[in-house]
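# Coordinate inspection notes
Below are the chains, spelled out letter by letter.
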Amino acid sequence: MKVFIAGLPLEVDEAELTAVFGDFGPVKSLRIIKDRETKESKGFGFVEMVNDNEAKEAIRCMNGASYYGRRITVNIAEDKGPGFNGGGNSGGGKGGFRRN
């Protein structure tokens, strides 16, 4: 299942976000969308999880949560067709994310 994340703090990288979602289950791919010219995060991204139930649990727990002091939106991604190819699956710290 593909999940959309919005409201990401600019300092969050793909390794950290992979680790956060990895708490819920295996991450198949993850991509933070970046500006073509500056290469800086646009504050949103996509994660694809192996198991749909684990993805739904991640959405349930993380949608509306505070991440580095910013409220993030996490929901099922709408399929816009080809073009989604995720990035790395490396580990990393959890940073400021706190699950309630």
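The structure we're discussing is the one just above.
Residues numbered from 1 in each chain as written. Predicted model: local features only at pLDDT ≥ 70, side-chain atom pairs only at ≥ 80, totals over all residues. Heavy atoms only, no water.

## Section: the environment of Thr 18
Just so we agree on the cut-off: Numbering of helices and strands starts at the N terminus; helices are DSSP runs of H or I of at least 4 residues and strands are runs of E of at least 2. Exposure is judged per residue with a 1.4 Å probe applied to protein chains only, and the accessible area is read against the type maximum: over 50% gives exposed, under 20% gives buried, and values in between give partly exposed.
Looking at the element boundaries, Thr 18 is found in helix α1 (residues 14-22). Since its relative accessible area comes to 7%, Thr 18 is described here as buried. Between the alpha carbons of Thr 18 and Glu 48 there is a distance of 9.9 Å; along the sequence they are 30 residues apart.

## Notes on the pairing of strand β2 (residues 27-34)
Counted only if it meets this: For two strands to be treated as a pair, DSSP must find at least two bridges joining them.
With 6 bridges connecting them, β2 and strand β3 (residues 41-49) associate as antiparallel partners. Bridge pairing links Lys 34 to Ser 41 in β3. Connecting β2 to the antiparallel partner β3 that follows it, the hairpin turn spans 6 residues, and Lys 39 within it adopts a positive phi of roughly 65°.

## Brief notes about the side chain of Glu 16
Applied cut-off: Here a polar contact is taken to be a pair of N or O atoms separated by no more than 3.5 Å, where protein atoms must pair a possible hydrogen donor with a possible acceptor and residues adjacent in sequence count only if both atoms sit in side chains.
Its place among the elements puts Glu 16 in helix α1. Looking at Glu 16, its side chain comes within polar contact range of the side chain of Tyr 67, at 2.8 Å.

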